[in-house]
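Single-letter residue listing:
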Amino acid sequence: MSENKKIEKIIAIKGMNDILPSDAPLWELFENTAQSVFKSYGFQQIRTPIVEQTALFARGLGAVTDVVEKEMYSFEDSMNGDKLTLRPENTAGVVRAAIEHNLTYEGPKRLWYTGPMFRHEKPQRGRYRQFYQMGAEALGFAGPDIDAELIMMCQRLWDDLGLNNVRLELNSIGDAVERNNHRADLIAYFEQHIDTLDAEAQRRLHSNPLRILDTKNPAMQALVEGAPKLLDYLGEESLKHFEGVQAILRHNSIPFTINTRLVRGLDYYNRTVFEWVSDELGAQGTICAGGRYDTLITMFGGKPTPSCGFAMGIERILDLMKSAGDIQVPNQCDVYLVHQGEAAQMQSFVLGERMRDAGLDVVLHCASITGVGSFKSQMKRADASGAAYAVIVGDDEIAQGNAIVKALRSDDAENNQAAVPFESVVDYLVDQITGNDDHDHENCTHLHH
Ligand code: ATP
Ligand code: MG
């Protein structure tokens, strides 16, 4: 067999991205911040399976929605013929789980989730086939208070992340009866202007005319502007609810604009709908979207459980965080352990474990295909690792019972290196890192060079 026979590389699926270590700190920063914001409002985490029965989404999201019509990864389980789908969103899964485990038995429930979602869309900036959402669902709450709380929770997250260029768009799409009355007038209006409708709009005219209002086609903007507004069809109860949401937002100085064309793409919404939008992301400007879904749970056979939630697109938010700049990425580790010789390697393993016992993050130099390498090449690794300190052990150090501790990020080249007895290395490092100078470390020798 030929030695250099070309091996065909297997690459990732289009629109499904690797999240590389260089981006991991940003993901962690976002996820930790969001998690602590959710927790500060009493939301609890729920994790549901990535694969669900296709019927869950087909029924839950609405058969004539974009997602169900053309974006779902659906397949048949070849083992048993089950019809399955990779979740395109997580509300349906959370609702299924809530019903299955009777989660609202003792009262309303505040939940949050995060994880990958799958939609077969045309990949482009901010639009992928596997993407990540973090979201919240408040189950069993009927009043406008929870809608406002969810929105304020988002606002707090943007503030904590330093994102000050996102705006809130708000609308109410009423209840089924109100939407039906509006729908009839909307169809009649569009029928009068049938020539202005593009193919997509004509296709939707009788199946989902509300979605026509969402069109991005510039040629249809004037037509859509003049269309009957759903807001004008709301009855007293819906209006009161909508005004309730607005009153709380105003009282808490949360700015918003009412966008009468905001309708959302999934069938389960009613009354409050909202989107957080940025102008810095091009066409994919919506970073978070949500609304009320009072009838979804009964549609799945559960008891009446009025609910409200939102989902955030994590990739789009990270994009914004990057452009906001100035993100402090923490050091990857505190200490890089450099060693030369068998006894020094053994000592380094022991030191490394003791450092980790004390809570330090430690990288121990290990052999590559060319071996462990010289001190010089190991020090290069130590520098590149982002560690704050290198701890160096060689034959001389073994003979003297000391390790060299070298500060890698210090400006003070004179004083950045000390010989520290093995038994004091951990205390010494912890004191250096925490800035504690209670100990005088009299047995350590500062080395000048
Ligand atoms: P869009 O109008 O951009 O297609 P959507 O209405 O389909 O969005 P939702 O189902 O409301 O989106 O999902 C909530 C959020 O998830 C969106 O606002 C967006 O930030 C993000 N999102 C949706 N689809 C994708 C995708 N394919 N890739 C990356 N993020 C996405
Ligand atoms: Mg979409």
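Rules used in this analysis
- Residues numbered from 1 in each chain as written.
- Chains lettered and ligands numbered in written order.
- Predicted model: local features only at pLDDT ≥ 70, side-chain atom pairs only at ≥ 80, totals over all residues.
- Heavy atoms only, no water.
- Near = heavy atom within 4 Å.
- Polar contact = N/O pair within 3.5 Å; in protein donor to acceptor, adjacent residues only side chain to side chain.
- Areas by Shrake-Rupley, 256 points an atom, 1.4 Å probe, with all protein chains shown as cover.
- Helix = DSSP H or I, 4+ residues; strand = E, 2+ residues; numbered from the N terminus.
- Nonpolar A, V, L, I, M, F, W, Y, C, P; charged D, E, K, R; others polar.
- Domains from an automatic or database assignment.
- Pairing = 2+ DSSP bridges.
- Contact = heavy atoms within 4.5 Å.
- Axes fitted to C-alpha atoms, helices over the stretch in contact; angles between N-to-C directions.
- Phe/Tyr/Trp six-rings, centres within 6.5 Å; stacked < 30°, edge-to-face > 60°.
- Buried < 20%, exposed > 50% of the residue type's maximum accessible area, 1.4 Å probe, protein only.
- UniProt positions renumbered as here; feature names shortened; annotations may be inferred.
- Patch = residues over 30% accessible without salt bridge, like charges linked within 9 Å, V, L, I, M, F, W, Y side chains within 5 Å.
- Salt bridge = Lys/Arg side-chain N within 4 Å of Asp/Glu carboxyl O.
- Core = buried A, V, L, I, M, F, W, Y, C linked by side-chain atoms within 4.5 Å.

1. Quick notes on the site of ligand 1
Near ligand 1 there are 15 residues, and of these Arg 119, Glu 121, Arg 127, Arg 264 and Thr 286 occur at the shortest range. Taking Arg 127, its side chain carries an N or O atom lying 2.8 Å from an oxygen atom of ligand 1. Within the backbone of Tyr 128, one N or O atom sits 2.9 Å away from a nitrogen atom of ligand 1. Contact with the protein chains hides 88% of the accessible area of ligand 1, taken as 580 Å² for the molecule alone. Element by element, the count of residues in the shell around ligand 1 is highest for strand β10 (residues 286-292), at 4 residues. A class-by-class count of the residues in the shell around ligand 1 yields 6 nonpolar, 4 polar and 5 charged.

2. Focus: the domain arrangement of the protein chain
We note that the domain assignment places domain 1 (24-174 + 234-323) and domain 2 (335-447) within the protein chain. Just the C-alpha atoms count here: the centres of domain 1 and domain 2 sit 48 Å apart.

3. Considering the sheet that holds strand β5 (residues 109-118)
One open sheet holds the 8 strands; their spatial order is β1-β5-β6-β11-β10-β9-β7-β8, and the pairing between them is mixed. For this open sheet the edge positions go to β1 (44-45) and β8 (257-258), each flanked by a neighbour on one side alone. With 7 bridges joining them, strand β6 (residues 130-139) and strand β11 (residues 307-313) adopt antiparallel strand pairing. If you follow Leu 139 over to β11, its bridge partner there is Ser 307. In this fold helix α9 (residues 236-251) packs onto β7 (166-172), β8, β9 (270-278) and β10, with an angle of close to 160° to the strand it touches most, β7.

4. Some details on the packing of aromatic side chains
One pass over the full model with this rule turns up 7 aromatic pairs. Seen from their ring centres, Trp 27 and Tyr 132 are 5.3 Å apart, and the 80° between their planes marks the pair as edge-to-face. Placement of the pair is Trp 27 in helix α1 (residues 24-40) and Tyr 132 in strand β6, with a sequence separation of 105 residues. In this structure Trp 27 comes out as buried when scored by relative accessible area, which is 10%.

5. Digging into the UniProt feature "binding site: L-histidine" (unreviewed entry) in the protein chain
Feature annotation in UniProt places "binding site: L-histidine" (unreviewed entry) on Glu 89, Asn 90, Thr 91, Arg 119, Gln 133, Glu 137, Arg 264, Tyr 268 and Tyr 269, given in this structure's numbering. Looking at the secondary structure, you find Asn 90 in the loop between β4 (83-86) and α4 (91-100). Setting aside chain neighbours within four positions, we find Asn 90 in contact with Thr 48, Tyr 113, Met 117 and Gln 133. In terms of polar contacts, Asn 90 uses its side chain to reach the side chain of Arg 87, at 3.5 Å. With residues up to four places along the chain from it excluded, the contact list for Tyr 268 reads Gly 60, Leu 61, Glu 89, Thr 91, Arg 292, Tyr 293 and Leu 296.

6. Notes on a nonpolar patch on the surface
Together, Ile 50, Val 51 and Phe 75 line one region of the surface with nonpolar side chains, adding up to about 220 Å² of accessible area. Topologically, Phe 75 is positioned in strand β3 (residues 73-76). For Phe 75, a relative accessible area of 38% gives the class partly exposed.

7. Describing the nonpolar core
One finds Phe 30, Trp 158, Trp 276, Phe 310 and Met 312 to be the most contacted residues of the largest nonpolar core, which totals 46 residues. For this core, the leading source of residues is helix α5 (residues 144-161), giving 9 residues. Leave out the neighbours within four places in its chain, and Trp 276 touches Ile 151, Cys 154, Gln 155, Trp 158, Val 166, Arg 167, Leu 168, Ile 254, Gly 285, Thr 286, Ile 287 and Cys 288. The next biggest cluster of nonpolar side chains, apart from the first, holds 45 residues, and it includes Val 67, Leu 205, Leu 223 and Val 224.

8. Some points on the sheet that holds strand β16 (residues 417-421)
Read from one edge to the other, the open sheet built from 6 strands follows the order β13-β12-β14-β15-β16-β17, with strand pairing classed as mixed. With one partner strand each, in any of the chains shown, β13 (362-364) and β17 (445-446) form the two edges of the open sheet. Along the sheet, helix α13 (residues 375-384) contacts β12 (335-339), β14 (389-393) and β15 (402-407); its crossing angle with β12, the most-contacted strand, is approximately 170°.

9. Things to note about the pattern of salt bridges
For the structure on display, the rule yields 20 salt bridges. With a closest N to O distance of 3.4 Å, Glu 200 and Arg 203 form a salt bridge. Taken as a pair, Glu 200 and Arg 203 lie in helix α7 (residues 199-204) at a separation of 3 residues, close to a single helical turn. Of the residues examined, Glu 200 reaches a relative accessible area of 30% and is grouped as partly exposed. One continuous salt-bridge network, built from bridges that share partners, spans Asp 66, Glu 69, Lys 70, Glu 200, Arg 203, Arg 204, Arg 211 and Asp 214.

10. What about the environment of Phe 310?
For Phe 310, the location among the structural elements is in strand β11. Through-space distance from the C-alpha of Phe 310 to that of Cys 154 is 9.2 Å; in sequence the pair is 156 residues apart. Setting aside its immediate chain neighbours within four residues, Phe 310 contacts Phe 38, Tyr 113, Gly 135, Ala 136, Glu 137, Leu 150, Met 153, Cys 154, Phe 274, Cys 288, Ala 289 and Gly 290.

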